[in-house]
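A look at the structure
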Amino acid sequence: FILPNMITMAAVFCGFNAIRICAKPGAEIEDFHRAAVLLMFAMLFDLLDGRVARLTKTQSAFGLQLDSLADLVSFGVAPALLVYQWVLHRHPIPGLLVAFLYVACAAARLARFNVLSSAPSGAPVKPGKFIVGLPSPPASGVLISLAVADSAVGGALGSEKNTLLFFAVTVVVALLMVSNVRFRSFKELKPNPATILFVLFVMGSSLAVSHMLKPHFVLIWLLGVYITIGLVESIRALAQWLMRERVRDTTPPAE
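Computed from a predicted model, the values in this text were never measured in an experiment.

Section: the overall build of the chain
The helix and strand tally for the chain stands at eight helices and two strands. Each helix and strand of the chain, placed in order from N terminus to C terminus, yields the pattern α-α-α-α-β-α-α-β-α-α. Here the chain has a C-alpha radius of gyration of 20 Å; the compact-globule value for 255 residues is 18 Å, and the two agree. In terms of overall dimensions, the chain has a C-alpha envelope of 75 × 45 × 40 Å along the principal axes. Burial status across the chain gives 41% buried among its 255 residues. Partitioning the intrachain contacts of the chain with sequence separation of at least 6 by distance along the chain shows that 79% fall at a separation of at least 24. Here the chain displays about 14200 Å² of accessible surface, and carbon together with sulfur accounts for 73% of that area.

Some thoughts on the confidence of the model for the chain
Detailed reading of the predicted coordinates is not advisable wherever pLDDT falls low. Per-residue confidence for the chain gives a mean pLDDT of 88, with 93% of residues at or over 70. Mean pLDDT per element in the chain: helix 7 (residues 193-212) is the minimum at 85, and helix 6 (residues 163-177) is the maximum at 96.

Regarding a nonpolar patch on the surface
Together, Phe41, Leu44 and Leu48 give the surface a local cluster of nonpolar side chains, amounting to about 260 Å² of exposed area. Residue position: Leu44 is located in helix 2 (residues 29-55). Its relative accessible area of 42% is what places Leu44 among the partly exposed residues.

A short note on helix 1 (residues 2-23)
A rise of 1.5 Å per residue sets the reference length of helix 1, with its 22 residues, at 32 Å; its end C-alpha atoms lie 31 Å apart and thus fit the reference within 8%. Those residues of helix 1 that are buried lie in contact with helix 2 and helix 3 (61-86).

So, how was this worked out
Residues numbered from 1 in each chain as written. Predicted model: local features only at pLDDT ≥ 70, side-chain atom pairs only at ≥ 80, totals over all residues. Heavy atoms only, no water. Helix = DSSP H or I, 4+ residues; strand = E, 2+ residues; numbered from the N terminus. Rg over C-alpha atoms; globule rule 2.2 N^0.38 Å. Buried < 20%, exposed > 50% of the residue type's maximum accessible area, 1.4 Å probe, protein only. Contact = heavy atoms within 4.5 Å. Areas by Shrake-Rupley, 256 points an atom, 1.4 Å probe, with all protein chains shown as cover. pLDDT = per-residue confidence, 0-100. Patch = residues over 30% accessible without salt bridge, like charges linked within 9 Å, V, L, I, M, F, W, Y side chains within 5 Å. Salt bridge = Lys/Arg side-chain N within 4 Å of Asp/Glu carboxyl O. Expected span 1.5 Å × (residues − 1).

Right, dumping it as structure tokens:
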């Protein structure tokens, strides 16, 4: 199983290099853009390693643990440092705490994922239709896509007036990672009318966002749609559960 693990290490390299760029003194918008692009490549490698492992039948407990450690670097520490050096440093102590909150939630989310994705023997199990908590790649993708979009508008997005908004966004995506909200894994999609309509909606709306704003904003839109779907489905499931509980409580016991 060298090939999938080498792909995982490529994601670690991207995360490490992004940290190096963000940590250098006097980093500017162009540097944050370079770091964000590196983390987008890390997301690509993260998508590839699991699929390569499944195609080559080289899935292992070692690969599962290595993937989570790689995610903590590329989608935990790196995006937290990026958003801190880019925006949150304007309020040093609160910014440090919020950036650390993101890292801590990413670590807890990855540990929980390992537990839920492993058999008692430690071997990985087949992924299900839903994932508990926002996965760390799309969570970091929110911060990464904002940095990419900011470079396209000359730094207007990360300006002083939007500082509190970035604090809020970072806290929200951090808490979503450790929440019980279920997000779709999209690993069991089948070619049916609902899937086709969804794909057409995603393509059409992405083209509209690209035309009305800039192509750099498309990833923000797609991640927003993904998070919204998870929240709506969780709220609907909660409402259905509450309705069942209410019906059960009002139903007289059988004699």
